[in-house]
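Summary of the model geometry
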Amino acid sequence: MPPEGEHEIEVRLDELLERRGMTLSRLAELVGVTLVNLSVLKNGRARAIRFSTLTKLCEVLDCQPGDLLTYRPPER
Amino acid sequence: MATETKAIKPGLVRLVNLLFLLSLVALVLRLGFAVQNVGPGFLTCVDTRDALAPIQPLFPGVTNSGGRLCDASPDLEQQFLLLVHRIAVPAFTCAVLWFLARWLRTASKGPFDQQVPVVMRGLGRLLTVGGVVAPLVQYLSAAYLIRTMTSFYDWRHLTTFGVVPFEFRESFSFTLVLVGLVMIAFAKIMRAGVEMRKDLEGTV
């Protein structure tokens, strides 16, 4: 178990935005989440994500949750 | 966030701070008065409410009138007992107000500050334990003081004449102890709330 607050989940929002040619602020607008919160998510500083936010992100970006979030095992 | 910081009005914090300072001044004055009156020629008196009126004999230099047992030449032990008797409850009051002021100051930073339930639990413990201990100390010091003034001393007699009950009864408040217990329980609930809030932080 990683220490509390730490995790091995990678948010691949950058890649998805790049592929779709969308800016973060436009995504924030479409999803209805503040730009600050979306930046927190993009930079991997979010501790949790609501299913409702994930649903909207998947709707707007036309992707699956697995495309957005991936598990990256720690290097040993 | 703005509503959180306004949850505790600054006026209330200032009022409790003022009450604490007043109680501290009163306590210091009591202490100062007691220390100033140390030495031969000063009376050391304890209120007995006439409960010891029929009691004889008294030790030399001790008078029993007007519901007060007084020693004209008190020794250091008697003066110490009188001091403890006089400051036990005011010191407790002062400590409660200090804790209350600290609690409000902490809560004014935000009701979900981690220190809020900690200080609240401390205040609850103080009320619960101090609410019993302070009156008990006040009574015991009076009882021991009486013991130094009369050879006719027996715990059973003191109980019979009502000296034991009135000292304790007048200062002890069951409600205060209950409030302390409620605060301890509520602090536990608040702590759970603070933890839940912490879990939500960083949620997108």
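To start, this report covers the structure provided alongside it.

What counts, and where the lines are drawn
- Residues numbered from 1 in each chain as written.
- Chains lettered and ligands numbered in written order.
- Predicted model: local features only at pLDDT ≥ 70, side-chain atom pairs only at ≥ 80, totals over all residues.
- Heavy atoms only, no water.
- Helix = DSSP H or I, 4+ residues; strand = E, 2+ residues; numbered from the N terminus.
- Expected span 1.5 Å × (residues − 1).
- Bend = angle between axes of the 7 residues up to and from the residue.
- Pairing = 2+ DSSP bridges.
- Axes fitted to C-alpha atoms, helices over the stretch in contact; angles between N-to-C directions.
- Core = buried A, V, L, I, M, F, W, Y, C linked by side-chain atoms within 4.5 Å.
- Buried < 20%, exposed > 50% of the residue type's maximum accessible area, 1.4 Å probe, protein only.
- Contact = heavy atoms within 4.5 Å.
- Polar contact = N/O pair within 3.5 Å; in protein donor to acceptor, adjacent residues only side chain to side chain.
- Patch = residues over 30% accessible without salt bridge, like charges linked within 9 Å, V, L, I, M, F, W, Y side chains within 5 Å.
- Areas by Shrake-Rupley, 256 points an atom, 1.4 Å probe, with all protein chains shown as cover.
- Salt bridge = Lys/Arg side-chain N within 4 Å of Asp/Glu carboxyl O.
- Buried area = accessible area lost by both parts, 1.4 Å probe.
- Nonpolar A, V, L, I, M, F, W, Y, C, P; charged D, E, K, R; others polar.

1. Comments concerning helix H4 (residues 115-147) of chain B
Each full turn of the α-helix corresponds to 3.6 residues, which orients residues three or four apart in the same direction. The terminal C-alpha atoms of H4(B), which comprises 33 residues, lie 46 Å apart, in line with the 48 Å expected from a rise of 1.5 Å per residue. Along its length, H4(B) shows its largest kink, about 40°, at B:Gly130.

2. Some points on the sheet that holds strand S1 (residues 44-47) of chain B
Residues and elements named next belong to chain B. Spatially, three strands are ordered S1-S3-S2 in an open sheet, and the strand pairing comes out antiparallel. A single partner strand is all that each edge strand has here, and the edge strands are S1 and strand S2 (62-65). Along the sheet, successive strands turn relative to each other by an average axial angle of 15°, direction set aside. With four bridges joining them, S2 and strand S3 (residues 68-71) adopt antiparallel strand pairing. Counterpart to Thr63 in the pairing with S3 is Cys70.

3. Notes on the nonpolar core
Looking at soluble globular proteins, one finds that nonpolar side chains tend to be buried together. Within the largest apolar cluster, 21 residues are counted, with the highest numbers of intra-cluster contacts made by A:Leu13, A:Leu27, A:Leu38, A:Leu41, A:Leu57 and A:Leu61. Those elements giving two or more residues to this core turn out to be helix H1 (13-20), helix H2 (24-31), helix H3 (35-42) and helix H4 (51-61) of chain A. Ignoring anything within four residues of it in the chain, the contact list for A:Leu38 reads A:Leu13, A:Leu24, A:Leu27, A:Ala28, A:Val33 and A:Leu57. If you look at the next biggest cluster of nonpolar residues, it comprises 19 residues, including B:Phe92, B:Val96, B:Phe99 and B:Ala187.

4. Focus: the pairing of S3(B)
Consecutive side chains of a regular strand alternate in pointing toward one face of the sheet and then the other. Residue and element names in this part refer to chain B. Of the strand pairs in this sheet, S1 and S3 are connected by four bridges, and their pairing is antiparallel. Looking at the pairing, Thr44 lines up with Asp71 of S3. Here S2 folds back onto S3, and the loop between the two strands holds two residues, one of which, Gly66, carries a positive phi near 60°.

5. Some details on the side chain of A:Thr53
Mapping A:Thr53 onto the fold places it in helix H4. Classification of A:Thr53 as buried rests on a relative accessible area of 5%. Separated by 3.2 Å, the side chain of A:Thr53 and the backbone oxygen of B:Val204 make a polar contact.

6. Describing a nonpolar patch on the surface
Together, B:Leu12, B:Leu15, B:Leu18, B:Leu19 and B:Leu22 make up a nonpolar patch on the protein surface, roughly 450 Å² of accessible area in all. Assignment of secondary structure puts B:Leu19 in helix H2 (residues 10-36).

7. A few points about the interface of chain A and chain B
Contact with chain A, which involves 11 residues of that partner, is made by six residues of chain B. Overall, the association of chain A and chain B removes approximately 710 Å² of surface from exposure, summing both partners, and the carbon and sulfur fraction of that is 50%. Counting the surface chain A buries against chain B, the share from its top three residues, A:Arg47, A:Ala48 and A:Arg50, is 60%. The tally of links from chain A across to chain B stands at zero salt bridges. The tally of links between chain A and chain B comes to three residue pairs in polar contact (both at pLDDT 80 or more). Considering every element that reaches the side of chain A that touches chain B, the biggest residue donor is H3(A), with three residues. Grouping the amino acids of the side of chain A that touches chain B by side-chain chemistry returns six nonpolar, two polar and three charged.

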